[in-house]
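Here is what each chain is made of, one letter per residue.
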Amino acid sequence: RDVIVLGDVWSDNVYSNANSNRFTVEGTMDLNSEHTIVEELWKNIYGTIATANIAINTSIEGIEGSAADKAEAKHLQGQALVIRALGHFDLVKFYGQQHVTGGGDKGVPYITVFGDEANLSSSRLSVSDLKTKIYEDLNAAKDLLDPAFDTSSKEYVNSYTASAILARVANYFGDQQIAKDAAFDVIQNSGLSIVSATDFVNSWSLKNTNNSVFEIGNRSDDNPGINGIANIYQDTNYGDVVVLEDLVNIYEANDVRGLNHTIELDSKGYYRNTAKYPSIAPYDDNIRVMRYEEIILIYAESILDSNPSDALTYLNMIPQNRNASDYATATIDNILLERRKELAFEGMRFHDLARNQMDIPLVDATKQSHGGPSYGSYNYALPIPNAEISANSGIDQNEGY
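Residues numbered from 1 in each chain as written. Predicted model: local features only at pLDDT ≥ 70, side-chain atom pairs only at ≥ 80, totals over all residues. Heavy atoms only, no water.

Enquirer: Just give me the short version of the packing of helix H4 (residues 67-95) against helix H6 (residues 161-173), but keep the residues and values in it.
Expert: If you want to describe how two helices pack, look at the angle between their axes and the distance between the axes. Put simply, H4 and H6 touch, their axes get as near as 10 Å, and they point 20° apart. Taken together, the axis directions place H4 and H6 in an arrangement best described as roughly parallel. Pair H4 / H6 crosses with left-handed handedness. Listed contacts from H6 to Val82, Leu86, Phe89, Val92 and Lys93 of H4 are Thr161, Ala162, Ile165, Arg168, Val169, Tyr172 and Phe173. Grouping the constituent residues of the contact of H4 with H6 by class yields nine nonpolar, one polar and two charged. (Axes fitted to C-alpha atoms, helices over the stretch in contact; angles between N-to-C directions. Helix = DSSP H or I, 4+ residues; strand = E, 2+ residues; numbered from the N terminus. Parallel < 35°, antiparallel > 145°, perpendicular 65-115°, else oblique. Left-handed = near helix turned anticlockwise from the far one by under 90°. Contact = heavy atoms within 4.5 Å. Nonpolar A, V, L, I, M, F, W, Y, C, P; charged D, E, K, R; others polar.)

What follows is the structure, encoded as structure tokens:
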């Protein structure tokens, strides 16, 4: 939830109305090192990485079973490598100094072994070195993931998921050739497709749709309940995250992502995201980590300079399936506009602004409590948790905190 909401509340998409005092301080983009979300995000992502490391470092040769069992074990290790890479990528997006003036090239520790005492004083890798390690893990995963063990459930990493995540990482860092090759691999080999305009809204209440690359499974008995993402966006006792009118206004009247489709006006006059993460109780919607539509837009961006005609073809595949008008030309501004439309409420907007070295647009000075920080501000990264600095002599605080 927090990864997704932070990516939007730090932008021009949504704001916190302080209905239950959630995401109010986060909305200022000025948290201290002891704030709950600062510590919990760090702890939970590294906890996921720790679990992945157990699988990655298990000796396949030491496993009892048939050759097929060992082949499946390698596939599972490939899945774990994707999770480890994605975890470190999410960490560096929020805690890295790549978008902060004076922050240097400081990333985060890259942890590859579970329970190693040396990790207690792990130093921060440079962002460039950390990017290399993410690429290495994803490429290693591609060698281990076997289509024979793919499943129809998108709650598991499939053979093409490593390429999908690689495309996202390379797009973020501006490595467009890597992004192009990885995205094209998914387009050619995944069998995924763009969901139609007719099915778009309903698709969010379904599991394992054909536009889903990877999703977090939720059941009625193993979900975050009232702390889930639906309870933050919907008109509930929480309901803190509200859509800014500036976002509402970029959609055409019939666009299924806009007003009276994905977005609704509630009785209090708040614009609400009601289609994405629609289930309040029992909170059992799966949460999309990545969708095929993102891959299409990454591919369009990756070929923009080399083949603008094809870039336009891929860019227009999205509005053509949303009851929206085609673009006349493919430009980075149009691609970012379409990403804002398509990926709203999925945590992408702030990172798109940051990777393009853009200021945070101040479209409503009353509601956007962050005030529209300029690119390079210390606000473009969270502080390192105080608990981590106190426990780890090898790590220092971020610029400005």
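Enquirer: I'd like a rundown of the pattern of salt bridges, residues and numbers included.
Expert: What the rule picks out here adds up to 27 salt bridges. Among the salt bridges present, the one from arginine 219 reaches glutamate 155, with a minimum N-O distance of 3.1 Å. Within this pair, whereas arginine 219 is found in the loop between strand E2 (212-216) and helix H9 (230-233), its partner glutamate 155 is found in the loop between helix H5 (127-144) and H6, the two being separated by 64 residues in sequence. Note that glutamate 301 and arginine 355 form a salt bridge whose closest N and O atoms lie 2.8 Å from each other. Here glutamate 301 is found in helix H11 (residues 292-302), whereas its partner arginine 355 is found in helix H14 (residues 349-355), with 54 residues between them in sequence. (Salt bridge = Lys/Arg side-chain N within 4 Å of Asp/Glu carboxyl O.)

Enquirer: So what's going on with the side chain of glutamine 97? Residues and values would help.
Expert: Relative to the assigned elements, glutamine 97 resides in the loop between H4 and H5. Glutamine 97 has contacts with Gly103, Gly104, Lys106, Arg124, Val127, Ala381, Asn398 and Glu399, leaving out every residue within four places of it along the chain.

Enquirer: Hey, could you go over H5 for me, with residue numbers and the actual values?
Expert: Relative to the 26 Å expected for 18 residues at 1.5 Å per residue, H5 spans 26 Å between its end C-alpha atoms, a close match to the ideal helical length. Of the surrounding secondary structure, the elements contacted by the buried residues of H5 are H4, H6 and helix H7 (176-189). (Expected span 1.5 Å × (residues − 1).)

Enquirer: How would you sum up empty space enclosed by the protein? Please name residues and give values.
Expert: Per the counting criterion, the structure on display carries one cavity of 30 Å³ or more. Put simply, the largest cavity is a space of about 80 Å³. Surrounding the largest cavity, Phe89, Lys93, Arg168, Asn171, Tyr172, Glu294, Ile298, Arg339, Met348, His351, Asp352 and Arg355 form its lining. Elements with a contribution of two residues or more to the lining of the largest cavity: H4, H6, H11 and H14. Looking at the lining of the largest cavity residue by residue, the class counts come to four nonpolar, two polar and six charged. (1 Å grid on protein atoms, 1.4 Å probe; cavity = no way out; pocket = protein on both sides within 12 Å on 5 of 7 lines; lining within 4 Å. Points joined across faces, edges and corners; volume = space filled by probe spheres on them.)

Enquirer: Hey, could you go over the environment of valine 38 for me, with residue numbers and the actual values?
Expert: Relative to the helices and strands, valine 38 is located in helix H3 (residues 36-56). Along the primary structure valine 38 and proline 383 are separated by 345 residues, whereas in three dimensions their C-alpha atoms are 7.0 Å apart. Excluding its chain neighbours within four sequence positions, the residues that come into contact with valine 38 are Leu31, Asn32, Ser33, Tyr95, Leu382, Pro383, Ile384 and Pro385.

Enquirer: Describe the confidence of the model for the protein chain, and please don't skip the residues or the numbers.
Expert: Mean pLDDT for the protein chain: 96, with 100% of residues reaching 70 or above. Within the protein chain, the lowest mean pLDDT, 94, falls on helix H15 (residues 386-391), and the highest, 99, falls on H11. (pLDDT = per-residue confidence, 0-100.)

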